[in-house]
Amino acid sequence: MTGPARRPTRQLLAPDVPDFDRRQLPPNVRDALAGLLLAMADDEFVIGFWDSEWTGIAPLLEEDVAFSSLAQDEIGHARAWYEMLAVLAGETADRLAFGREPAQYRHARLLDHPRTDWAFSIARRWLYDTADSVRLGALARSAFEPLAEVVAKVRREERYHLMHVDVWLRRLAAHAGEPRQRLERALEVLAPDALTVFTPLPGEWLLVESGVMSETNEQLAERWRAEVGGLLEELGLPALPADRPPAGGRNGHADSESFSWLWGEFTAVHRLEEGVTW
Amino acid sequence: MTEQQRPTDPQPASGRHEEAGRLGGGARTDVFEVFRQEKDGDPMRHAGNVVAPDVELATHYAREMYSRRQESVRLWVVPRSQVTDLSDPDLLQPPLDRSFKKPGGYVMRDKLEQARQRAKDEKDGQGTS
């Protein structure tokens, strides 16, 4: 690397990720876990950036603050996962977050869609947050304790996210006319990609066998469909497609025009000066 | 589902140039007063207010405005319409002299000194008996 030596980014008052020795995991499990962490980190990072686009233009001033705060929370969660991954991979969280090409990101395809209108952002956040919640619920029982420890903290914040997005989903569904029409249109566009959050990971069987994951992504997808299916039915909204999680649901982001645009935005400062810190 | 069949995004990707949020024409908002407790045992103090369509969202907004940086341990959210306002000057600021209702007329210093001396004498008396 050329340019000035890297300085560490600002230290947290209390680190979110506990100290751990990566050698406590066999190399093949370590690689598979790195894939899981990268998927979760990129999910949180990308939705955090999309939703931060609402700063200044949400339906009312208070919502502006609320939605931006949620988006910031997701960036915070991404930071925790990138830091954990950095220990596993001998990397830095900053380089993982900002130093890759679009094709190297591993977020779910659900998060390639642009923020679009308010109903669209709410529909996407509801699909993502409920799926993330099922995933975190399973990882809270992980045999890899440092992971279970961070998951427990993240889940306490996600509780409020679920409350907030639930309020908005019900509100949009309950108002016939434009709000409901926009919500239905958004769900129609997003539903086929919703299952990509549960895309099977490379070496997933190693994670299940070693207890790092308590269930497979396919099992999690079934549980999630049952959970959200109840609310969709209650609100008279169309059911989700009965597909299995698609194999390539976390690849191919370089082909997404909207993600390429977002990547250009969130890496702008990093690309301006390698190793820049704040 | 093939790429051709998949419904497309309502608008092309263009980041911030997409649609801003707005409340529908029929939407009504209310003002909610927010009180917060900074730490356990502290009194509830008025923090400010939020505008929201109902108490549920008002509670979320109060949480964001007054505790997203962990600065409160309890919030009270009250619709302003439920607050009884009393600001009648005849009731609160009557014109006649009120100084006789204030404790300033009593000089306590000498009496307090005598009382302390008395208490000390009694204690000493007990000690020697």
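Cut-offs and rules
- Residues numbered from 1 in each chain as written.
- Chains lettered and ligands numbered in written order.
- Predicted model: local features only at pLDDT ≥ 70, side-chain atom pairs only at ≥ 80, totals over all residues.
- Heavy atoms only, no water.
- Helix = DSSP H or I, 4+ residues; strand = E, 2+ residues; numbered from the N terminus.
- Contact = heavy atoms within 4.5 Å.
- Patch = residues over 30% accessible without salt bridge, like charges linked within 9 Å, V, L, I, M, F, W, Y side chains within 5 Å.
- Areas by Shrake-Rupley, 256 points an atom, 1.4 Å probe, with all protein chains shown as cover.
- Salt bridge = Lys/Arg side-chain N within 4 Å of Asp/Glu carboxyl O.
- Buried < 20%, exposed > 50% of the residue type's maximum accessible area, 1.4 Å probe, protein only.
- Buried area = accessible area lost by both parts, 1.4 Å probe.
- Nonpolar A, V, L, I, M, F, W, Y, C, P; charged D, E, K, R; others polar.
- Pairing = 2+ DSSP bridges.
- Polar contact = N/O pair within 3.5 Å; in protein donor to acceptor, adjacent residues only side chain to side chain.
- pLDDT = per-residue confidence, 0-100.
- Phe/Tyr/Trp six-rings, centres within 6.5 Å; stacked < 30°, edge-to-face > 60°.
- Lys NZ or Arg CZ within 6 Å of the ring centre and 35° of its normal.
- Core = buried A, V, L, I, M, F, W, Y, C linked by side-chain atoms within 4.5 Å.
- Axes fitted to C-alpha atoms, helices over the stretch in contact; angles between N-to-C directions.

### Structural notes on the overall build of chain B
Helices and strands together make up the secondary structure of chain B, namely three helices and three strands. Listed N to C, the secondary structure of chain B is β-β-α-β-α-α in terms of helices and strands. A separation threshold of at least 6 residues defines the contact pool for chain B, and within that pool the share at least 24 residues apart is 41%.

### Points about a nonpolar patch on the surface
Residues and elements named next belong to chain B. A grouping of Leu-86, Leu-91 and Leu-92 is seen on the molecular surface, where their side chains present a nonpolar patch of about 310 Å² in accessible area. Within the fold, Leu-91 resides in helix α2 (residues 89-92). Using a relative accessible area of 58% as the deciding quantity, one classes Leu-91 as exposed.

### Some points on the interface of chain A and chain B
The interface of chain A with chain B comprises 36 residues on the first partner and 31 residues on the second. In this assembly, chain A packs against chain B so that about 3,000 Å² is buried in total across both faces, 57% of it on carbon and sulfur atoms. A salt bridge links Arg-171 of chain A to Asp-54 of chain B; its shortest N-O distance comes to 2.5 Å. Every element with two or more residues in the side of chain A that touches chain B is listed here: α2 (61-89), α5 (145-174), α6 (178-194) and α9 (257-266) of chain A. If one sorts the elements of the side of chain A that touches chain B by residue count, α6 of chain A sits on top with seven residues. Among the residues making up the side of chain A that touches chain B, the classes are represented as 17 nonpolar, six polar and 13 charged.

### Re the pairing of strand β1 (residues 30-37) of chain B
Residues and elements named next belong to chain B. Direction of pairing for β1 relative to strand β2 (residues 45-52): antiparallel, over a ladder of seven bridges. Paired with Val-34 across the two strands is Gly-48, which belongs to β2. Two strands pair when backbone bridges link them, and β1 and strand β3 (residues 74-79) are joined in this way by six bridges, in the antiparallel orientation. Bridge pairing in β3 links Phe-35 to Trp-76.

### Remarks on the environment of Arg-30 of chain A
All names here are of chain A. Within the element layout of this structure, Arg-30 appears in helix α1 (residues 27-52). On the basis of relative accessibility, which here comes to 17%, the residue Arg-30 falls in the buried class. Remark: the alpha-carbon pair of Arg-30 and Leu-88, spanning 58 residues in sequence, is separated by 7.0 Å. Excluding residues within four positions of it along the chain, Arg-30 makes contact with Arg-22, Arg-23, Leu-25 and Leu-88. For Arg-30, the side chain forms a polar contact with the main-chain oxygen of Leu-25, separated by 3.3 Å.

### Quick notes on the pattern of salt bridges
Residues and elements named next belong to chain A. All chains considered together, the criterion is met by 28 salt bridges over all chains. Here Glu-178 ties to Arg-182 by a salt bridge, and the two come within 2.9 Å at their closest N and O atoms. Here the residue Glu-178 and the residue Arg-182 both occupy positions in helix α6, the gap between them amounting to four residues, near one helical turn. The structure contains a network of salt bridges with shared partners spanning Asp-43, Asp-132, Arg-135 and Arg-250.

### What about the confidence of the model for chain B?
Caution is warranted with low-pLDDT regions, since their predicted coordinates should not be read in detail. Residue and element names in this part refer to chain B. For chain B, per-residue confidence averages 84 on the pLDDT scale, and 83% of positions sit at 70 or higher. Here residues 12-16 is modelled with pLDDT under 50, and outside its nearest four sequence neighbours on either side it reaches 13 contacts, counting other chains as well. For this predicted complex, the interface confidence reaches an ipTM of 0.83, while the overall pTM sits at 0.85.

### Some thoughts on the packing of aromatic side chains
In this structure the tally under the stated criterion is 14 aromatic pairs over all chains. Arranged with centres 5.3 Å apart and planes meeting at 80°, the rings of Trp-118 of chain A and Trp-168 of chain A form a pair that is edge-to-face. Residue Trp-118 of chain A is found in helix α4 (residues 118-139), and its partner Trp-168 of chain A is found in helix α5; the two are separated by 50 residues along the sequence. Taken individually, Trp-118 of chain A and Trp-168 of chain A each receive the classification buried, so the pair is uniform in this respect. In this structure an aromatic cluster arises from ring pairing among Phe-45, Phe-49, Tyr-82, Phe-98, Tyr-105, Phe-259 and Phe-266 of chain A. The aromatic ring of Phe-67 of chain A is capped on one face by Arg-125 of chain A, whose charged end is 5.6 Å from the ring centroid. Looking at Arg-63 of chain B, its charged tip hangs above the ring of Tyr-160 of chain A, at a distance of 3.9 Å from the centre.

### Some remarks on the environment of Val-78 of chain B
Residue and element names in this part refer to chain B. Looking at where Val-78 falls in the secondary structure, it is placed in strand β3. The exposure class assigned to Val-78 is partly exposed, which follows from its relative accessible area of 23%. For Val-78 and Thr-59, which are 19 residues apart along the polypeptide, the C-alpha to C-alpha distance reads 9.4 Å. Setting aside residues no more than four positions away along its own chain, Val-78 makes contact with Val-31, Phe-32, Glu-33, Phe-35 and Val-83.

### Observations concerning the nonpolar core
Counting 100 residues, the largest nonpolar core has Leu-33, Trp-81, Tyr-82, Leu-147 and Trp-224 of chain A as its most contacted members. The leading source of residues in this core is α1 of chain A, at 14 residues.

### Some remarks on the sheet that holds β3 of chain B
Residues and elements named next belong to chain B. With antiparallel pairing, three strands are arranged side by side in an open sheet as β2-β1-β3. Every other strand in the sheet has two partners, leaving β2 and β3 as the edge strands with one partner each. The sheet shows a mean angle of 30° between the axes of neighbouring strands, direction not considered. Across the sheet, helix α1 (residues 55-67) touches β1, β2 and β3, and the angle it forms with β2 is around 130°.

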